[in-house]
Amino acid sequence: MTLTSKTAVVTGSTSGIGLAIARALAKEGANIVLNGLGDEAEIEKTRAGIESEFGVKAVYSPANMLKSDEIEEMVRLGERTFGSVDILVNNAGIQFVSPVEEFPVEKWDQIIAINLTSAFHAIRAAVPGMKARKWGRIINTASAHSLVASPFKSAYVAAKHGIAGLTKTVALEVATHGITVNCISPGYVWTPLVERQIPDTMKARGLTKEQVINDVLLEAQPTKQFVTVDQVAALAVFLCSDAASQMSGANLSMDGGWTAK
Ligand code: NAD
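The structure reproduced in this document is the subject of the present report. Predicted model only: the values in this text are computed from it and were never measured. (Residues numbered from 1 in each chain as written. Predicted model: local features only at pLDDT ≥ 70, side-chain atom pairs only at ≥ 80, totals over all residues. Heavy atoms only, no water.)

### Brief notes about the site of the ligand
Then, in step 1: If you check the shell around the ligand, you find 31 residues, and the closest are S15, N91, Y156, V189 and T191.
Then, in step 2: One of the backbone N or O atoms of L37 is found 2.8 Å from an oxygen atom in the ligand.
Then, in step 3: Within the backbone of N91, a nitrogen or oxygen atom sits 2.7 Å from an oxygen atom of the ligand.
Then, in step 4: If the ligand stood free it would expose 830 Å²; the protein chains cover 95% of that surface. (Near = heavy atom within 4 Å. Polar contact = N/O pair within 3.5 Å; in protein donor to acceptor, adjacent residues only side chain to side chain. Areas by Shrake-Rupley, 256 points an atom, 1.4 Å probe, with all protein chains shown as cover.)

Following this line, the structure appears as structure tokens:
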């Protein structure tokens, strides 16, 4: 138990990678602010499950990552409920796959807002408290697409390159305050986000489901295996540890070798 008495806000933690990170931080003793969309009863089950399984406290913030005031209130909820927000994981994200000339303008705006701008709003709300306590960990879920591109993902790749830049900038600004800022860049992780993009990729590239999985997704990954959510969560836990206190501004790949190519 390395994170007892710490509080972690994890955006987009009702599903996939964010949920695995929230559970892994809770396992280390951190209280959790869950966030994300989904069925109310399911979310309550998840929240209560974290409390009973790990013996920590968990609250749910319904903040929509499209709205700056709700994002700020999510951070305040953590501070009001637990006295501090020590760990901020900016993880919420969506994807949309389309040729650039047909890319719906509202989808572009949504992806930039959820995948990039929401992290700015959460960071600016959380940093003053972290500075006051002289300790903080900010972890952004970026992507292999923060380092390289794939066709038909213009908004996602732009947002993820943006979050890598935001990570480096804030890391420099808070370096002397005991706060580290890093991003994790997974390759393909088997989550609902990946599953949902298969039909659109089939359409955009004229392929079958099996061809998309093997020839598009896993084609990128030399290991030919998906990353697991628990592997990403283990790296997030490590970044919160004292052993990682001199790691900041890093973009950490976990992509089966994808970006080595
Ligand atoms: P997911 O769809 O399982 O989870 C996304 C989470 O974001 C959910 O909890 C969802 O409710 C939440 N969310 C979406 N829109 C929101 C909004 N407007 N307000 C609040 N919450 C919102 O997807 P995932 O694969 O777990 O993705 C999590 C992060 O990991 C994303 O930033 C994604 O870009 C990144 N990522 C995923 C992969 C992958 O292969 N799955 C690879 C690299 C990076």
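Further notes follow.
### Some words on the packing of helix α3 (residues 68-82) against helix α4 (residues 105-133)
Then, in step 1: Between α3 and α4, the shortest axis-to-axis distance is 9 Å and the interhelical angle comes to 35 degrees. In the packing of α3 onto α4, the handedness of the crossing is right-handed. Between α3, through S68, I71, E72, M74, V75, R76 and E79, and α4, the contact on the second element is made entirely by S118, H121, A122, R124, A125, A126 and G129.
Then, in step 2: Grouping the amino acids of the contact of α3 with α4 by side-chain chemistry returns 6 nonpolar, 4 polar and 4 charged. (Axes fitted to C-alpha atoms, helices over the stretch in contact; angles between N-to-C directions. Helix = DSSP H or I, 4+ residues; strand = E, 2+ residues; numbered from the N terminus. Left-handed = near helix turned anticlockwise from the far one by under 90°. Contact = heavy atoms within 4.5 Å. Nonpolar A, V, L, I, M, F, W, Y, C, P; charged D, E, K, R; others polar.)

### Some details on helix α6 (residues 192-205)
Then, in step 1: The end-to-end C-alpha distance of α6, which contains 14 residues, comes to 20 Å, matching closely the 20 Å that a straight helix rising 1.5 Å per residue would cover.
Then, in step 2: Roughly 30 degrees is the biggest bend found in α6, and it falls at I198, with proline P199 one to four residues downstream.
Then, in step 3: Listed in full, the buried residues belonging to α6 are V194, Q197, I198 and T201.
Then, in step 4: Elements in contact with the buried residues of α6: α7 (209-220).
Then, in step 5: A positive backbone phi angle near 65 degrees is found at G206, which sits one or two residues after α6. (Expected span 1.5 Å × (residues − 1). Bend = angle between axes of the 7 residues up to and from the residue. Buried < 20%, exposed > 50% of the residue type's maximum accessible area, 1.4 Å probe, protein only.)

### A short note on the pairing of strand β4 (residues 87-90)
Then, in step 1: In β4, alternate side chains face the same way, and those of I87 and V89 on one face and L88 and N90 on the other are all buried.
Then, in step 2: Across 3 bridges, the pairing between strand β1 (residues 7-10) and β4 is parallel. Bridging from a neighbouring strand, V9 pairs with L88 of β4.
Then, in step 3: Bridge count between β4 and strand β5 (residues 136-141): 4 bridges; the pairing is parallel. Opposite V89, over in β5, you have I139 as the bridge partner. (Pairing = 2+ DSSP bridges.)

### Let's talk about the nonpolar core
Then, in step 1: Counting residues in hydrophobic clusters, the biggest one holds 37 residues, and the most contacted among them are M65, M74, L88, I123, I138 and V181.
Then, in step 2: Listing elements by their share of this core, those giving two or more residues are α3, α4, α5 (154-173) and β6 (179-186).
Then, in step 3: At 11 residues, α4 tops the list of elements feeding residues into this core.
Then, in step 4: Discounting chain neighbours no more than four positions away, the residues touching M74 are V9, T11, V33, N35, S61, A63, M65 and A122.
Then, in step 5: Counting residues in hydrophobic clusters, the runner-up holds 33 residues, among them A30, L34, W135 and L239. (Core = buried A, V, L, I, M, F, W, Y, C linked by side-chain atoms within 4.5 Å.)

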